[in-house]
Amino acid sequence: MKDLSGITEKISDRALWMEKDNLMICSFRLANFVRARYSPKNKMRSLVKYILEWVSDEEINTDTVKDYYEIKGLNKFSRISEEEFASELKESAKTSLQWFKNSGIIINQGRDGVYEGFGTEVYPDGSQRFAKLIRADCAGEISLTYFLDYMLNDNENSLEISDNLSSFIFDYMQEKDKNEFYGMIRWTQQAWETCYQDDVARALNSHLLKCLYTGRNDYIEECKAALDFLIKTTGTDGTRVMRTDNRELTEEKINELHNQPGNLKSAHYNAYYHASLLLAYKLTGIEKYKDISVKGLTEIMKVYPETVREQSQTQEYCRLILPLSWLYWITKEDIHKEWLYKVSKDLQQLKHKTGAYLEWDEGYKATMRNTKGDGECSLLAENGDTVVDLLYSNNWLPIGFMQAYLVTGDEYFKSLWQENIKFILGIQIISDDPRINGVWGRGFDVEYMEYFGSPADIGWGPWAIESGWTVAEILSGIFMGILQDKLKPFYD
C-alpha cells in the first residue's frame, strides 16, 4: 500500500483516493467510460483496470470492450502510392459527405439552412449536444462543399443543395430594407442584428468561387451589397472592428467607424474579409474592393507576426495563407508573393512530423486564454502541448494550401497540401455511431493519437464538431485537391 501521509487533507482536489485500506472513493462518474469517450483512452482503461482489479482481486482485461471510435491511422498513408492516395481522397470525401445526411445537419435540402453541428459535451451514452444554431457562414461553407461534389461527380442533387443554401443566405439572411443596414448578412437566426465580417466572408467566398468556376452571376449584386455594407463600417486603415450590432449602428456611429482606423490587425477577424474583396474584384472589376483589401492586408503584414490573436499564433498563420494567395493572384506584386512564402515558411516551424501544425502562442498573447468555464478558450494549456486545432487553425489549410498552389503553380504548396491532407485523412473518425462517423473534432493530440485537448472552452472544446468551420472547410479542401487539374485554368 502506497504511503498517503504526504497528501493534502483537502480531498476536494482529488479525483480518486483511498480511505484507510478498504475504501476507495471516486469523485467522478465512471459509468460508460468508453461511450462517454473519456480521454486519454489508454490511461482511462488503465485506471478502470486498476479499480476493477482492486475491487475484485482478479486480473481484468478491458480490451474486450471496443472503443467508441477509432481513427483511420497515419501508417497507411506513410508510403502510399499516388493511385492509392487518390482513391483514399475520394473515399474519405464520400464518407464525410454522407455524415451531413446521417447527422441531420442540412435542413429541408438546404432551403432552410444548416445546423451548426455538435457541441463539445459528450454524454454517458455517447451522444453529444446538438448545436441548433442556423448560421450563414456554415451554410456558405457547406454550399461550396456540395458544389464541388457536383463538379467532381456530376451529382445534380448536390448542386440543388448548394444552390438552395446560396438562396437561403441571400434571400433570408441578408438585410433587404433600403436603410443603413442594407446588404448586411446576419450572423445566426438568433443573433439577427449581429454581423461578423469573417463569418460573412466565408459565406461570400463560397458563392463567389461558384461564380468563378461556372461563369454564373446569380446573387452577384447581393454579394456586392454585403461587401458595401462591410466597407462603410470599415476603418481608414482597411480593418474592421470585430463585429457590429445594429442597435448601436446609428448614422453617427457608422461615420465614426468609417472615418477612423479600425485598429484590428487580426487575421482571424479581417483576413478572410479581405479575401472576399479580392475575389469580388476579380469577378466585378470594382477597384475599391481591391484597394481596401490591399490596404487592410498591408496593415496586418506591417505588424506580422505580432497580429491580434484570438486563439493562437498558429491560427493567425493558418488564416493568412488563403488571403495572401489571392492577394498575389490579383496584384502579381513581388512583395505580396514574398508575404505568402514568408507566412508559409514561418508556419513550418510549428509543423509536426505527422503533417499537422501544433498550437503555439509566443508570449501567450492570444485573447482566448480564459480559465475553465469563463467562455471561449484555446486548446493550448502551454507551448509545447502536442495539440492540433481543427476549428481555428489546421482546418483552413486544405483550402489555403491548394489555392496557393493553384495561384502560384509551385509544387511546394502542393506538397504542403498533400502532407497535411494525409494527416487529416489519418485522423478521420471511424465509428458505428453515424453522428460522428467520417468527420473530425476540434482538438487532436498527436502524442496520444486521439481527440484530446484542454477542456476549458465552453461550447467548442476538443469534441466540438462544426459543420462548416471544420467538416466543410476540410472536405472542400479535399475536393479541390481532387479537382486541381480542372480548377487550374481559372487561375491562369
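Scroll up to find the structure.
Residues numbered from 1 in each chain as written. Predicted model: local features only at pLDDT ≥ 70, side-chain atom pairs only at ≥ 80, totals over all residues. Heavy atoms only, no water.

Draft legend 1. Main features of the overall build of the protein chain. Of the regular secondary structure elements, the protein chain holds 15 helices and 12 strands. Here the protein chain has a C-alpha radius of gyration of 24 Å; the compact-globule value for 492 residues is 23 Å, and the two agree. Dimensions along the principal axes, computed over C-alpha positions, put the protein chain at roughly 80 × 55 × 45 Å. Taken across its 492 residues, the protein chain has 58% of its residues classed as buried. Long-range pairs, those at least 24 residues apart, make up 69% of the contacts in the protein chain with a sequence separation of at least 6. (Helix = DSSP H or I, 4+ residues; strand = E, 2+ residues; numbered from the N terminus. Rg over C-alpha atoms; globule rule 2.2 N^0.38 Å. Buried < 20%, exposed > 50% of the residue type's maximum accessible area, 1.4 Å probe, protein only. Contact = heavy atoms within 4.5 Å.)

Draft legend 2. Geometry of the sheet that holds strand β5 (residues 128–134). Across the sheet, three strands lie side by side as β5-β4-β12; this open sheet has antiparallel pairing. With partners counted over all chains shown, the strands left at the sheet margins are β5 and β12 (465–466), one partner each. Pairing of strand β4 (residues 115–122) with β12 involves two bridges; the strand directions are antiparallel. Pairing of Phe 118 across the sheet is with Ile 465, part of β12. (Pairing = 2+ DSSP bridges.)

Draft legend 3. Spotlight on the pairing of β5. With four bridges joining them, β4 and β5 adopt antiparallel strand pairing. Of the residues in β5, the one forming a bridge with Tyr 115 is Ile 134. In this structure, the hairpin formed by β4 and β5 is closed by a connection of five residues, where Gly 126 is found at a positive phi of approximately 95°.

Draft legend 4. How the structure looks around the packing of aromatic side chains. With the rule as written, the count across this model stands at 28 aromatic pairs. An aromatic cluster of three or more residues is present, and its members are Trp 99, Phe 100, Tyr 115, Phe 118, Phe 130 and Tyr 146. Across the ring face of Tyr 182, the terminal group of Lys 178 is positioned such that the distance to the ring centre comes to 4.1 Å. The ring centre of Tyr 272 lies 5.6 Å from the NZ or CZ of Arg 319, which sits over that ring. (Phe/Tyr/Trp six-rings, centres within 6.5 Å; stacked < 30°, edge-to-face > 60°. Lys NZ or Arg CZ within 6 Å of the ring centre and 35° of its normal.)

Draft legend 5. Structural detail: the pairing of strand β1 (residues 16–19). Taken together, the four bridges between β1 and strand β2 (residues 23–26) define a ladder with antiparallel strand orientation. Along β2, the bridge assignment pairs Met 18 with Met 24. Turn length for the β1-β2 hairpin, with the two strands adjacent in sequence and antiparallel, is three residues, and the turn residue Lys 20 shows positive phi of about 60°.

Draft legend 6. Quick peek at helix α2 (residues 82–102). Taking 1.5 Å per residue as the helical rise, α2 with its 21 residues ought to reach 30 Å, and the 30 Å between its terminal C-alpha atoms agrees with that figure. Within the sequence span of α2, burial applies to Phe 85, Glu 88, Leu 89, Ser 92, Ala 93, Ser 96, Leu 97, Trp 99 and Phe 100. Within α2, the buried residues cover an arc of 160° as seen down the axis, which keeps them to one side. Opposite the buried face of α2, at more than 90 degrees from it, the exposed residues are Glu 83, Lys 94 and Lys 101. Where the residues of α2 are buried, they touch β4, α3 (136–153), α13 (411–426), β12 and α14 (467–482). Once α2 ends, the next one or two residues include Gly 104, with phi positive near 75°. (Expected span 1.5 Å × (residues − 1). Arc of directions from axis to C-beta.)

Draft legend 7. Highlighting the environment of Lys 488. On the secondary structure map, Lys 488 appears in the segment after α15 (484–487). Residue Lys 488 is classed as partly exposed on the basis of its relative accessible area of 22%. Taking C-alpha positions, Lys 488 is 8.1 Å from Val 407, a pair spaced 81 residues apart along the chain. Residues within four places of Lys 488 in sequence aside, it is in contact with Tyr 405, Leu 406 and Gly 409.

Draft legend 8. Representation of the nonpolar core within the structure. In terms of nonpolar packing, the biggest core is built from 139 residues, with Phe 100 and Trp 326 touching the most fellow members. In terms of residues, this core owes the most to one element, helix α10 (residues 313–331), which gives 11 residues. In this structure Phe 100 touches Ile 105, Ile 106, Ile 142, Tyr 146, Ser 467, Val 471, Ala 472 and Leu 475, once residues within four positions along its chain are discounted. (Core = buried A, V, L, I, M, F, W, Y, C linked by side-chain atoms within 4.5 Å.)

Draft legend 9. Representation of the side chain of Ser 127 within the structure. Assignment of secondary structure puts Ser 127 in the loop between β4 and β5. A polar contact is formed between the side chain of Ser 127 and the side chain of Asp 125, at a distance of 2.6 Å. Other than its neighbours up to four places away in sequence, Ser 127 contacts Arg 37, Glu 121, Val 122 and Arg 435. (Polar contact = N/O pair within 3.5 Å; in protein donor to acceptor, adjacent residues only side chain to side chain.)

Draft legend 10. Highlighting the sheet that holds strand β10 (residues 443–445). Taking strand neighbours across the sheet as the criterion, the three strands line up as β8-β10-β11 in an open arrangement whose pairing is antiparallel. Both edges of this open sheet fall to β8 (387–389) and β11 (450–451), since each of them pairs with a single strand only. As defined by bridge partners, β10 adjoins β11 across two bridges and the pair is classed as antiparallel. Along β11, the bridge assignment pairs Asp 445 with Glu 450.

Geometry only, nothing functional implied.
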